[in-house]
Amino acid sequence: YKRQGQSPSMDIMERARRWEARERDVFVSVFYGYPWSDVPDVGATVHVMTNGDQALADRIADDMDDFMWSVREEFAGGSYPLPDEAAELVQAAVARGETPVAVGDHSDRPGDATHILKAFMAAGVENALYGAISDPELLDSLAASGAEPGDTFEGSIGGFTPSGGTPARITGELTYLGPWSGYDTAAVVEFGEGNAVIVVPAYTQITDPGAFRFGPLDPDDFDVFVVKSRVHFRRGFDETGFAPTIIVVEAPGPFVGTTYLDALPYENVDLSRLYPFGTPEGR
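Overview of the structure.

Rules behind the numbers
- Residues numbered from 1 in each chain as written.
- Predicted model: local features only at pLDDT ≥ 70, side-chain atom pairs only at ≥ 80, totals over all residues.
- Heavy atoms only, no water.
- Helix = DSSP H or I, 4+ residues; strand = E, 2+ residues; numbered from the N terminus.
- Buried < 20%, exposed > 50% of the residue type's maximum accessible area, 1.4 Å probe, protein only.
- Contact = heavy atoms within 4.5 Å.
- Areas by Shrake-Rupley, 256 points an atom, 1.4 Å probe, with all protein chains shown as cover.
- Lys, Arg positive; Asp, Glu negative; His and termini not counted.
- Charge placed at Lys NZ, Arg CZ, Asp CG, Glu CD.

## Considering the overall build of the protein chain
Thinking step 1. Across its full length, the protein chain carries 7 helices and 10 strands.
Thinking step 2. Burial status across the protein chain gives 43% buried among its 283 residues.
Thinking step 3. For the protein chain, the share of sequence-separated contacts (at least 6 apart) that also reach a separation of at least 24 residues comes to 64%.
Thinking step 4. Total accessible area computed for the protein chain in this model is approximately 14100 Å², and 47% of it derives from carbon and sulfur atoms.
Thinking step 5. Taken as two groups, the 20 positive and 45 negative side-chain charges of the protein chain have centres that lie 9 Å from each other.

## Side note on unusual backbone geometry
Thinking step 1. Here the bond from glycine 131 into alanine 132 is cis, since omega is 10 degrees, no more than 30 degrees from zero.
Thinking step 2. By secondary structure assignment, the location of alanine 132 is in strand 4 (residues 128–134).
Thinking step 3. A cis amide bond links tyrosine 275 with the next residue in sequence, proline 276, at an omega value of 10 degrees.
Thinking step 4. Along the chain, proline 276 turns up in the segment after strand 10 (245–249).
Thinking step 5. Positioned with a positive phi, aspartate 25 is a non-glycine residue whose angle comes to about 55 degrees.
Thinking step 6. Mapped onto the elements, aspartate 25 comes out in the loop between helix 1 (9–22) and strand 1 (27–31).
Thinking step 7. At asparagine 127, a position not held by glycine, the phi torsion is positive, near 50 degrees.
Thinking step 8. For asparagine 127, the position within the fold is in the loop between helix 5 (115–123) and strand 4.

Shown next, in the form of structure tokens:
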């Protein structure tokens with residue numbers, strides 16, 4: 001899943017812009033597709049609009065198609081580390097002083113996945129902020145018990161959906177309980193060596209490190225930021241130069257959002273006709 005500021009995705013988008021600049025009244029849009037939708041036309045699509053010139057539209061679309069096919073290996077190839085390997089990569093980056101490290105949780109859509117949290121805890125990753133893990137029942141429980149900042153926290157967080165893994169057991173201190181990111185109630189639990197996890201009622205994608213400046217939290221205090229995002233977090237963490245190290249992490253299972261597309265139970269998609277699992281018609 002290549003970001004638009006990186007080749008070859010950048011080159012594909014630039015080619016579309018060149019066509020628009022070269023020809024009058026031409027608009028070229030590229031859709032990379034959403035491969036977790038079980039629909040026949042799940043792959044990448046190029047849409048070309050002209051002012052009544054079908055031949056020109058066809059020529060541009062064919063050119064874009066040919067170019068995208070020519071860079072297919074670099075575009076669709078590669079893989080993401082699993083949580084245990086990612087923990088090693090993070091610790092190596094910290095040891096080199098290449099911090100902050102921004103870690104994108106690639107496949108988590110419900111927001112409750114604990115794979116990275118548990119792997120990093122086991123590896124002893126320090127000064128890490130996990131923002132955020134969804135657990136509405138935990139927030140309800142804290143409110144019902146009359147919990148307040150400063151209380152000792154000992155309990156389980158997240159891991160309540162099949163793709164979320166299992167709950168992570170945390171022992172630490174509840175340092176915040178109140179509104180955040182549009183929610184009436186969110187919680188911050190600080191634990192271990194400079195670590196903190198934000199608990200929210202629903203999936204929350206953070207794209208700007210400034211969003212973590214609330215309550216007791218100061219982004220300057222952390223070396224590692226784990227966010228529930230595969231691409232969009234790059235705007236605030238990568239393209240601004242905030243985080244010199246970017247690591248996108250895969251989850252250990254064929255769930256919605258995974259790169260293990262051939263493990264998904266498609267009913268309307270024929271992967272044998274889609275690269276890299278097969279060859280499209282006409283190629």
